Amino acid sequence: MKFRRVFVRVDDDNCSVTYLKRGEVGASLASDVGASSGASSGASSGGLSASSGGVSASSGDAAGGEIGVKVSTYPGEVSGFLNSRYFYPACEVGVKVPDEDLQLVKTWLGATSSTSALASETLVKRMTTAALGAFKRYRERALLQNMLTSPFVVGYALRRMDGSHVKVSSFVKKLVNTRAPLLPANEISLAGSSLQTVMEIMNTPVSLKLDVEPFSLDEGLAASVTHLDIYMGKPVDLLAGDEQVTAIRSAEIAGERRKIWHYQRLDEDIILSRLGATTDFRVVASIPISEAMSGVKGMSLPGSGVSFGSWDKIGKLESDAKPGDVEKPEEHYDHKRIVTACLDLGDIDATKRVRGITARGVFARRDMKMELLGSHHRDKWRVVGRCRGPHMRLLRGVGYRWWQVRVLMDADGELDGISFLMNN
């Protein structure tokens, strides 16, 4: 049986978003299954809107309160990599295979029967240098282009005339790519001892934008403050540093069996624990206080003269108070609930049989829950499937004209869209 895929972007025009506090998360995603969506119907495409939770959400007199600062992430493209051939960035990766490993490599590629043999030290070293070296170059080039490929924390502080900082906010965690990427090996060829692939790097680089709500300061504080500074913690390294690529293996990705460069990936829990232990805070943007108090819209981060690619040259946050020690604002949201519009998946009249869906974006995968609903006339909705994580598979192919997806995810996560696998 043949299948086809349809990708639907999720943006402000075809979904609704509700932010939830910890005690509000327990309700079912489909608690209002019988209700029709308030979003417009028939949306099968659209632009990308990728905003995220702010550092705080209050405004007004900041003498004893919080300043309304929001840092948003937007998916980008790293130059020097293939950005249109696959869903994720890709590049050519080749390895010269030692003669003693040729039969083993043919086994990996399915050309001979299976074997329990291991790759030689030479081949492991060459594969590690080629595949993980390409990922490191991708990461470094993204930083040079002021894009981030791993989780980080961000906050703000007021800078005095003497350069010290006061009113240091608590930081907010931005969960961008919370695991080292899978590295699918596409377009594989083995000519003699030359193994050639186009390696996909399943990682989404993001650029940052800053918004600041208008605010005021009391006279005493205003007289001593010169700038609103935006600080960041050093982005977490997704690699432990001693990983080795030991084989090309088959793995299931979004319901498909694909060849990947295999290495031991760090657990998400380890990466997130590293994020919480961040102590290297740098000032990535400084806004004159008079400009900041009037409000800022859509400012690119980092600020002028600052490069993520030269982290050690960025000025440090100078404060006796550590960002993690400051009490967080009361209005803190842990999750958000996203409900898509009624989707016709490209054909408003036909019945579509969905076999699986995959969420695309940058988010904590373990915190995500999804429900898929179908309807014939958009008046009554039936829950077709539920899952934890970004993949829903092995649906029975029940046919409906209209579909809707409901997602519960971390408040700082970014949902770019939903990929539907359907019967042809």
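Residues numbered from 1 in each chain as written. Predicted model: local features only at pLDDT ≥ 70, side-chain atom pairs only at ≥ 80, totals over all residues. Heavy atoms only, no water.

### Some thoughts on the sheet that holds strand β17 (residues 296–301)
Phase 1: The sheet built from three strands is open, its strands ordered β4-β11-β17 with antiparallel pairing. Single-partner strands in this sheet number two, and they are β4 (69–75) and β17. Within this sheet the neighbouring strands show an average axis-to-axis angle of 30 degrees, counted without direction.
Phase 2: Pairing of strand β11 (residues 206–212) with β17, which is carried by four bridges, proceeds in the antiparallel orientation. Pairing of L210 across the sheet is with M299, part of β17. (Pairing = 2+ DSSP bridges. Helix = DSSP H or I, 4+ residues; strand = E, 2+ residues; numbered from the N terminus. Axes fitted to C-alpha atoms, helices over the stretch in contact; angles between N-to-C directions.)

### Focus on the sheet that holds strand β9 (residues 185–191)
Phase 1: On the basis of which strands lie adjacent, the open sheet formed by three strands has the order β5-β10-β9 and antiparallel pairing. One side of each edge strand has no neighbouring strand; the edge strands of this open sheet are β5 (90–96) and β9. Between one strand and the next, the sheet's axes are offset by a mean angle of 15 degrees, whatever the strand orientation.
Phase 2: Direction of pairing for β9 relative to strand β10 (residues 194–200): antiparallel, over a ladder of five bridges. Residue pairing in the sheet places L190 in a bridge with L195 of β10.
Phase 3: Across the face of the sheet, helix α2 (residues 121–144) comes into contact with β5 and β10 while running at roughly 165 degrees to β5. (Contact = heavy atoms within 4.5 Å.)

### Focus: the environment of A90
Phase 1: By secondary structure assignment, the location of A90 is in strand β5.
Phase 2: A90 gets classed as buried once you look at its relative accessible area, which sits at 0%.
Phase 3: The spacing of A90 and V198 is 108 residues in sequence and 6.5 Å in space, taken between C-alpha atoms.
Phase 4: In this view, A90 contacts F81, L82, V198, M199 and E200; residues no more than four positions away in its chain are not counted. (Buried < 20%, exposed > 50% of the residue type's maximum accessible area, 1.4 Å probe, protein only.)

### Section: the side chain of N203
Phase 1: Residue position: N203 is located in the loop between β10 and β11.
Phase 2: Overall, N203 belongs to the buried group, its relative accessible area being 1%.
Phase 3: Looking at N203, its side chain comes within polar contact range of the side chain of N177, at 3.4 Å.
Phase 4: If sequence neighbours within four positions are ignored, N203 has contacts with Y88, P89, Y138, T149, N177, P181 and L238. (Polar contact = N/O pair within 3.5 Å; in protein donor to acceptor, adjacent residues only side chain to side chain.)

### As for the nonpolar core
Phase 1: W108, M127, L183, M199 and W261 are the most contacted members of the largest nonpolar core, which has 48 residues in total.
Phase 2: Put simply, the parts of the chain that give this core at least two residues each are β5, α1 (102–108), α2, β6 (152–160), β10, β14 (247–253) and α4 (268–276).
Phase 3: The biggest single contributor to this core is α2, with ten residues.
Phase 4: Leave out the neighbours within four places in its chain, and W261 touches V93, V95, M127, A131, L183, A185, L195, T197, M199, V245, A247 and I248. (Core = buried A, V, L, I, M, F, W, Y, C linked by side-chain atoms within 4.5 Å.)

### As for the packing of aromatic side chains
Phase 1: Within this structure, the stated rule accounts for seven aromatic pairs.
Phase 2: Both rings, one in F7 and one in F87, keep their centres 5.5 Å apart while their planes meet at 70 degrees; by these two values the pair is edge-to-face. Of this pair, F7 sits in strand β1 (residues 3–9) while F87 sits in the loop between β4 and β5, and the two are 80 residues apart along the sequence.
Phase 3: On the basis of relative accessible area, F7 is assigned to the partly exposed category, the value being 28%.
Phase 4: Ring pairing ties together the aromatic residues F7, F87 and Y88, which thus form one cluster.
Phase 5: The ring of F87 carries R360 above its face, with NZ or CZ at 5.0 Å from the centroid.
Phase 6: The lysine or arginine in question, R378, covers the ring of W402, its NZ or CZ lying 4.3 Å from the ring centre. (Phe/Tyr/Trp six-rings, centres within 6.5 Å; stacked < 30°, edge-to-face > 60°. Lys NZ or Arg CZ within 6 Å of the ring centre and 35° of its normal.)

### Points about α4
Phase 1: Turning to α4, its buried residues are E268, I271 and L275. Projected down its long axis, α4 shows its buried positions confined to an angular sector of 65 degrees, all on one face. (Arc of directions from axis to C-beta.)

### As for the pattern of salt bridges
Phase 1: This model, assessed by the stated rule, comprises eight salt bridges.
Phase 2: Here R393 and E252 are joined by a salt bridge, their closest N and O atoms 2.9 Å apart. With R393 in the loop between β22 (391–392) and β23 (399–400) and E252 in strand β14, this pair connects stretches of sequence that are 141 residues apart.
Phase 3: Exposure remark for E252: the relative accessible area of 40% places this residue in the partly exposed category.
Phase 4: As a salt-bridge pair, R386 and E371 come within 2.4 Å of each other at their nearest N and O atoms. Pair noted here: R386 is in strand β21 (residues 382–388) and E371 is in strand β20 (residues 369–375), with a separation of 15 residues, a long-range link.
Phase 5: Classification of R386 by relative accessible area gives exposed; the value is 56%.
Phase 6: A relative accessible area of 3% places E371 in the buried class. (Salt bridge = Lys/Arg side-chain N within 4 Å of Asp/Glu carboxyl O.)

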